[in-house]
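Each chain, written out:
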Amino acid sequence: MNADRQIIHMDQDAFFVSVEVRKDPRLVGRPVIIGSLSDRGVVASCSYEARKFGVHSAMPARLAKRLCPHGIWIRGNMDEYTKASHEITDIIQEMVPVLEKASIDEHYIDMSGMDKHYGTLKCAKEIRAKVIRETGLPISFGLSVNKTVSKMATNECKPNGELSVAQPGVQPFLNPLSIRKIPGLGEKTFIKLSDMGIKRIHTLAQVHPEYMTSILGKNGIWLLQKAKGIDDSPVIPYHEAKTIGTQSTFNQDSIDVETINHLLTSMVMDLAFELRQSKKQTACITVTVRYSTFETVTKQARIPYTALDGVLIAKTKELFKQLYQKRLLIRLVGVRLSNLVSGFEQIDLYSESEEQYSLCQAMDKIRRRFGPGSIKLASGIDLNL
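This write-up is about the structure you can find in this document. (Residues numbered from 1 in each chain as written. Predicted model: local features only at pLDDT ≥ 70, side-chain atom pairs only at ≥ 80, totals over all residues. Heavy atoms only, no water.)

Before going further, it helps to spend a moment on unusual backbone geometry. Cis geometry is found at the peptide bond from K158 to P159, where omega equals 0 degrees. Of note, P159 is situated in the loop between α6 (147-157) and β8 (162-164). Notably, N339 is not glycine yet its phi reads approximately 55 degrees, a positive angle. Mapped onto the elements of the fold, N339 is located in the loop between β12 (330-338) and β13 (341-342). Take N339: its relative accessible area is 22%, and that puts it in the partly exposed class. (Helix = DSSP H or I, 4+ residues; strand = E, 2+ residues; numbered from the N terminus. Buried < 20%, exposed > 50% of the residue type's maximum accessible area, 1.4 Å probe, protein only.)

Next comes the structure, spelled out in structure tokens:
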């Protein structure tokens with residue numbers, strides 16, 4: 001492990017709730033819950049005051065209401081949360097050499113090599129102070145030798161905290177923590193290890209690699225490395241964020257707008273499924289049209305983070321309508337989704353259309369079993385242009 005690495009992990013404190021509190025200061029110190037109170041509703045986020053009653057993200061709304069009957073429920077506004085996320089990213093990006101936007105509310109910063117010129121801890125403190133000062137939103141950070149340890153440090157010092165864990169202190173920091181604190185460790189694995197008496201990282205770190213492999217396969221070695229504070233994964237620059245897209249060239253140039261809209265619907269559904277499979281959302285859609293003259297035009301729009309078919313289809317059709325003004329024969333259409341970040345479940349749990357979310361889940365289950373093209377909306381049937 002490279003002890004010279006300097007990785008900062010920055011995470012907003014109860015981000016959605018913090019944005020609501022910024023808008024309405026009367027919510028300070030109150031048990032705020034972001035989500036839907038309907039029968040199928042779930043909690044998207046909650047304040048630390050609500051967490052004291054056992055409420056947490058992804059919890060069914062009915063259970064959350066029983067645990068915290070006096071909670072203040074807010075439907076949530078993804079557009080506002082997306083804008084706040086961009087505010088924070090812009091501030092951090094101006095101050096650091098390498099930034100990765102891991103999700104709507106967390107960032108990794110690689111300051112390796114900068115410590116010789118400017119103290120990394122001092123820099124982290126200044127970034128945090130600037131975010132709080134300019135946005136009015138709380139943020140915490142962890143600083144350590146890799147992404148895993150810095151993220152765990154952040155989680156331990158939240159809310160509104162700072163924690164630096166230098167190389168000599170990595171194992172002493174990790175040892176007393178529950179294995180549940182290891183990022184990426186699922187509930188089934190936690191139960192399995194707990195039943196074996198492995199409940200603390202100190203115990204896990206001493207398990208022989210061959211034994212870990214025998215009970216968890218390759219995932220066992222990955223988990224063992226995490227327990228020992230080993231993580232060589234790089235900080236991936238935000239400006240290199242991946243995009244996904246697709247395009248279709250028609251067998252015969254067309255001016256049939258209805259048929260083209262059917263095709264766009266089908267294309268978007270495939271891309272949205274790909275997003276959800278990788279647990280990501282998009283904040284930007286680009287539609288491309290190439291005419292029979294080979295003139296190519298594009299139109300782009302920023303949107304609140306989402307991975308739901310309905311939202312993406314509606315915006316894509318809107319862009320196509322704005323774009324297609326010449327009434328010329330069309331040779332090709334394309335759709336591209338960019339500004340991708342992780343955390344699909346976190347974002348869409350409280351979507352304004354719970355029916356859309358439920359429909360996506362049901363359709364995805366069929367796709368995973370029978371293939372991506374096994375089910376589509378009627379408006380997305382491929383008419384073989």
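This is not the end of the story, as more comes after the structure.
What follows concerns the sheet that holds strand β4 (residues 72-74). Strand order across the open sheet formed by 3 strands is β3-β2-β4, with mixed pairing between neighbours. With partners counted over all chains shown, the strands left at the sheet margins are β3 (43-46) and β4, one partner each. Put simply, the sheet's adjacent strands are angled 30 degrees from each other on average, direction ignored. (Pairing = 2+ DSSP bridges. Axes fitted to C-alpha atoms, helices over the stretch in contact; angles between N-to-C directions.)

Mapped onto the elements, S85 comes out in helix α4 (residues 78-93). Setting aside residues no more than four positions away along its own chain, S85 makes contact with F15, K101, I104 and Y305. (Contact = heavy atoms within 4.5 Å.)

Attention now goes to the pattern of salt bridges. One pass over the structure, following the stated rule, counts 15 salt bridges. Among the salt bridges present, the one from E156 reaches K181, with a minimum N-O distance of 2.7 Å. Here E156 is found in helix α6, whereas its partner K181 is found in the loop between α7 (170-174) and α8 (187-195), with 25 residues between them in sequence. For K181, a relative accessible area of 39% translates into the label partly exposed. The residue K315 makes a salt bridge to E318 at a minimum N-O spacing of 3.2 Å. Taken together, the positions of K315 and E318, both in helix α13 (residues 309-323) and 3 residues apart, correspond to about one turn of that helix. (Salt bridge = Lys/Arg side-chain N within 4 Å of Asp/Glu carboxyl O.)

Read these as layout, nothing more, since geometry by itself doesn't imply function.
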